[in-house]
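Analysis of the macromolecular model
For reference, the chains in residue letters:
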Amino acid sequence: MTSSVNEIPAELLELFADEESRRRTLTVPLPPGRTVRVDEGDGERAVLWVSDDPAPAGLWPRLHAAHGDSGLWPLLLDSLPGEPTRPWDDGELWPDGLSSPAQHDVAQLLAGWWASRTGSDDEDSASRATDPYGRDWPGLAPAAQPRLAPQQHADHWAEQLAHAQPSMRLGLVAADRGSDALTVAGWQGPANYTNDTGKISAVLRSWEDRFGVRVIGVGFAELYLSVAAPPGDLAEALPIAAEHFAFCPDNIWQGPHPHTLGGYADRLIDAPTWAFWWD
């Protein structure tokens, strides 16, 4: 797909409400691709544009830089292993009925998830996994100062992700920020954990603000973030690890040994990216 300079390609206009599209511009030429319509209702609603082929080198940073004018957030897209059309080509996306990220109190949301995952009948086992907090929610981790501008950091690690997973394609979503793109598109990756992606986006909004996080990629049930303000030591990492446990306990329970909060926190120290996977 090609377009004249400063014009949003006609296919992408479908992603916007009419009044939004009139004030948007895009100066970055796009490769061939198509809009994806949701697999619900009458199937007429376009929520995502996806490239036909893997994302060309250097394109994600250019589209990221253009986001302020275009209103289109770029995502690197992976598919379900062995089923390359899922979820993107199949429109396996359900945005209707999801909550707005703005309506959630993130501290309460994470505390509730924490309580639901530490309330095991095996009290000793639950306490060991979440030591030193046990069943006590430690509260939100304090904000940290980015080591590099979050946009510059995201550009670098998006390119690294595309290099590490060269089959990832490019997606574009009409969203004001990367955290919201998942809800706008109706992504269902954490459906076995929460069926409301708006709650996932609410946490990501908070991480954007506190840790310079940017959403750079997403798979069938995977999420890839760049982190411009990672923890520098174990004391900083532990409360962040607690948030990760509440957000995605599979990262700890099904991640590398040891399956403990402390072991996971060690891996967060100076980590420039975070990745999540829901079973």
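Residues numbered from 1 in each chain as written. Predicted model: local features only at pLDDT ≥ 70, side-chain atom pairs only at ≥ 80, totals over all residues. Heavy atoms only, no water.

1. A short note on the pattern of salt bridges
Enumeration over the complete set of coordinates arrives at 11 salt bridges. For R34, the salt bridge goes to D89, with nearest N and O atoms at 3.4 Å. Remark: D89 occurs in the loop between β3 (72–77) and α4 (106–118) and R34 occurs in strand β1 (residues 33–37); sequence separation between them is 55 residues. The salt bridge partner of D270 is R147, with a shortest N-O separation of 2.7 Å. With D270 in the loop between α11 (261–268) and β7 (273–277) and R147 in the loop between α5 (123–129) and α6 (150–164), this pair connects stretches of sequence that are 123 residues apart. Taken together, the salt bridges that share partners define one network made up of R34, D89 and R169. (Salt bridge = Lys/Arg side-chain N within 4 Å of Asp/Glu carboxyl O. Helix = DSSP H or I, 4+ residues; strand = E, 2+ residues; numbered from the N terminus.)

2. Digging into the packing of helix α7 (residues 178–185) against helix α8 (residues 197–211)
The contact between α7 and α8 brings their axes to 7 Å, and the two run at 170 degrees. On the basis of their axis angle, the class for α7 and α8 is roughly antiparallel. Here G178, S179, D180, L182 and T183 of α7 come into contact with α8, specifically with T197, G198, I200, S201, L204, R205 and E208. Residues of the contact of α7 with α8, tallied by class, amount to three nonpolar, six polar and three charged. (Axes fitted to C-alpha atoms, helices over the stretch in contact; angles between N-to-C directions. Parallel < 35°, antiparallel > 145°, perpendicular 65-115°, else oblique. Contact = heavy atoms within 4.5 Å. Nonpolar A, V, L, I, M, F, W, Y, C, P; charged D, E, K, R; others polar.)

3. Brief notes about the nonpolar core
By size, the foremost hydrophobic cluster in this structure holds 79 residues, and its most contacted members are W207, L223, F247, W274 and F276. No other element matches helix α9 (residues 234–247), which puts eight residues into this core. If near-sequence neighbours (up to four positions away) are discounted, W207 is found in contact with G212, V213, L225, E243, H244, F247, W274 and F276. (Core = buried A, V, L, I, M, F, W, Y, C linked by side-chain atoms within 4.5 Å. Buried < 20%, exposed > 50% of the residue type's maximum accessible area, 1.4 Å probe, protein only.)

4. Notes on the packing of aromatic side chains
The final tally for this structure, using the stated rule, is 14 aromatic pairs. Ring centres of W207 and W274 lie 5.4 Å apart, and the angle between their planes is 85 degrees; this geometry places the pair in the edge-to-face category. Residue W207 is located in helix α8, and its partner W274 is located in strand β7; the two are separated by 67 residues in the primary sequence. Classification of W274 by relative accessible area gives buried; the value is 3%. Seen in terms of ring centroids, F247 and F276 are 5.0 Å apart; in terms of plane orientation they differ by 80 degrees. Their pairing is edge-to-face. (Phe/Tyr/Trp six-rings, centres within 6.5 Å; stacked < 30°, edge-to-face > 60°.)

5. A closer look at the pairing of strand β6 (residues 222–227)
With six of six residues buried, β6 is to be regarded as a mostly interior element. Side-chain alternation along β6 places E222, Y224 and S226 on one buried face and L223, L225 and V227 on a second face that is also buried. Of the pairings in the sheet, the one linking strand β5 (residues 213–218) to β6 comprises five bridges and is antiparallel in character. From the neighbouring strand, V215 faces β6, where its bridge partner is L225. The turn joining β5 and β6, which pair antiparallel and follow one another in sequence, is formed by three residues. (Pairing = 2+ DSSP bridges.)

6. Remarks on the environment of T25
Within the secondary structure, T25 sits in the loop between α2 (18–21) and β1. For T25, a relative accessible area of 27% corresponds to the partly exposed category. Sequence spacing of T25 and S226 is 201 residues, and the spatial spacing of their C-alpha atoms is 26 Å.

7. Considering unusual backbone geometry
Leaving glycine aside, a negative phi is the common case for residues, and trans is the common case for peptide bonds. For the bond running from R86 to P87, omega is 0 degrees, close enough to zero to count as cis. Examined against the element boundaries, P87 turns out to sit in the loop between β3 and α4. Along the chain, H257 connects to P258 via a cis peptide bond; the corresponding omega equals -5 degrees. Within the secondary structure, P258 is located in the loop between α10 (250–253) and α11. Although it is not a glycine, D270 sits at a positive phi angle of roughly 65 degrees. Note on D270: relative accessible area 43%, which makes it partly exposed.

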